[in-house]
Amino acid sequence: MHEVWTISETYEGRIKEVSLELLARGRALADTLGVALGTVVIGYKIPKTELNSLIEHGADSVYVADDPKLSSFTCNTYSNVLVQLFAAHKPQIVVSAATTTGRTLMPYVAVKTHAGLTADCTGLAIEENTQNLLQTRPAIGGNILATIKTPDHRPQMATVRPRSTKILAPDSSRTGSIEYIPISEDWFSSEVEVLGMRALEGQQGAIDEADIVVSGGKGLKKKDNFKLIEKLAVALGGEVGASRDAVDRGWEAYPHQVGLSGKTISPRLYMAAGISGAIQHLAGIKTAKCIVAINSDEHANIFDLADFGIVGDLFTVIPEILKRLESRSEA
Ligand SMILES: Cc1cc2nc3c(=O)[nH]c(=O)nc-3n(C[C@H](O)[C@H](O)[C@H](O)COP(=O)(O)OP(=O)(O)OC[C@H]3O[C@@H](n4cnc5c(N)ncnc54)[C@H](O)[C@@H]3O)c2cc1C
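Here, residues in each chain are numbered from 1, in the same order as that chain's written sequence. In keeping with the model being predicted, local features are shown solely for residues with a pLDDT of at least 70 and side-chain atom pairs are shown and tallied solely at 80 or more, while totals for entire chains, interfaces and linings include all residues.

**Here we look at the overall build of the chain**
Move 1: Note on conventions: DSSP H or I runs of at least 4 residues are helices, E runs of at least 2 residues are strands, and numbering of each starts at the N terminus. Broken down by element type, the chain carries nine helices and 17 strands.
Move 2: Radius of gyration here is computed from C-alpha atoms only, and the compact-globule reference equals 2.2 Å multiplied by the residue count raised to the power 0.38. Taken over the C-alpha trace, the chain has a radius of gyration of 21 Å; the compact-globule value for 331 residues is 20 Å, and the two agree within 12%.
Move 3: With respect to the three principal axes, the spread of C-alpha positions in the chain is 60 × 50 × 45 Å.
Move 4: Three classes are used. A residue is buried when 20 or more other C-beta atoms lie within 10 Å of its own, exposed when 12 or fewer do, and partly exposed in between, with C-beta atoms placed from the backbone. Going through the 331 residues of the chain one by one, you find that 41% of them count as buried.
Move 5: When contacts within the chain are restricted to residue pairs at least 6 apart in sequence, those whose partners lie at least 24 apart make up 65%. Placing a C-beta atom from the backbone of each residue, one calls two residues in contact when those atoms lie within 7 Å.

**Observations concerning the domain arrangement of the chain**
Move 1: Domain boundaries shown here were taken from an automatic or database domain assignment. Each assigned domain of the chain is listed with its residue range as follows: domain 1 (4-187) and domain 2 (207-330).
Move 2: Every contact between the two is made by eleven residues of domain 1 and, on the other side, twelve residues of domain 2.
Move 3: Amino acids are sorted into nonpolar (Ala, Val, Leu, Ile, Met, Phe, Trp, Tyr, Cys and Pro), charged (Asp, Glu, Lys and Arg) and polar (every other residue, Gly among them). A breakdown of the residues in the side of domain 1 that touches domain 2 according to their chemical character gives three nonpolar, five polar and three charged.

**Points about the pairing of strand E4 (residues 37-43)**
Each regular strand carries side chains that alternate between the two faces of the sheet.
Move 1: With respect to burial, E4 is a largely interior element, seven of its seven residues being buried.
Move 2: By the alternation rule, side chains of E4 split into Leu-37, Thr-39, Val-41 and Gly-43 and Gly-38, Val-40 and Ile-42, which are all buried.
Move 3: When DSSP finds at least two bridges between two strands, those strands are taken to pair. As judged from the five bridges shared by strand E1 (residues 4-8) and E4, these two strands associate in the parallel manner. Within E4, the residue paired with Ser-8 across the bridge is Val-41.
Move 4: Call a crossover right-handed when, viewed with both strands pointing away from you, the route from the first strand across the helix to the second goes clockwise. With helix H2 (residues 48-56) bridging E4 and the parallel strand E5 (residues 61-66), this β-α-β connection has right-handed handedness.

What follows is the structure, given as structure tokens:
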């Protein structure tokens, strides 16, 4: 029986947490189907301990493509690796992360393999009679949940929202195989030469993988005031987010934009200050575990979705929160 696969991502030689989340998803699907769970790692010099951790977290087989030319993510090359692997092993389901890498890579793979792809799923299950993958994702600005099937093409592919799955506890007694794939020169394209990598301005922390996100909107009034949001994010150990109006004004960089045309996020805590709660913004935070809103307008839409609402001037409320956080850390 064909395996269920996940695509593991790495950062500076370490397996990213989201890859362990995918293994929990994949394990559940593989167990329901009674098949093995494989995972693919593409990179360079990924330590054995990291590859073993994939087995400890649920994988039965780890397929590794390891080469200096694979050390940086390039879409064409990585998709060539996957297409070749799919042809050789014919996984029936492939699950990747809805991260910047996953969202960029998987559409390429879908086109090259003539397979379907459902982006940004929050639920995956197996249909009882057909054993098709049921791919559930919020649609129409998060107002409905759509379940999508791919009955005619294989593999069935989906990307899954980071932070929407609990990682399985590591089990060091689990056994599995680690297979290094022979490198093929066909993978590499002469059209792309990687000269170096550098983070985009403001891209230090990925908000879609953060546990805590503190966002600011037009209510901040000017760029300089965004320092307040940054201070609160640092004090809480979180990342900075922003509404589209704040991004359009150049107060924050686009990778920080939350919402329909920005990022969809599921942090444990989302704080929104000076954000009205337009439907396009709310679409990006519907799966956040706890939402705290600060707004001077008691009728602001954001309060309809918020778990805790603070009606007040953010320029008074945030310094007060910072003061309390400081006194707590000193105690
Ligand atoms: C196709 C499309 C896609 C879009 N995608 C996105 C998206 O991805 N993300 C997104 O955010 N928007 C998106 N938008 C834009 C969206 O419709 C809103 O325009 C935007 O979210 C508003 O941003 P805001 O809440 O910062 O500003 P406003 O709506 O102007 O809200 C500012 C808020 O700050 C409050 N405020 C003012 N002063 C203070 C103060 N001193 N203290 C406390 N509160 C204060 C006000 O009461 C107000 O509620 C999209 C729109 C379209 C048409």
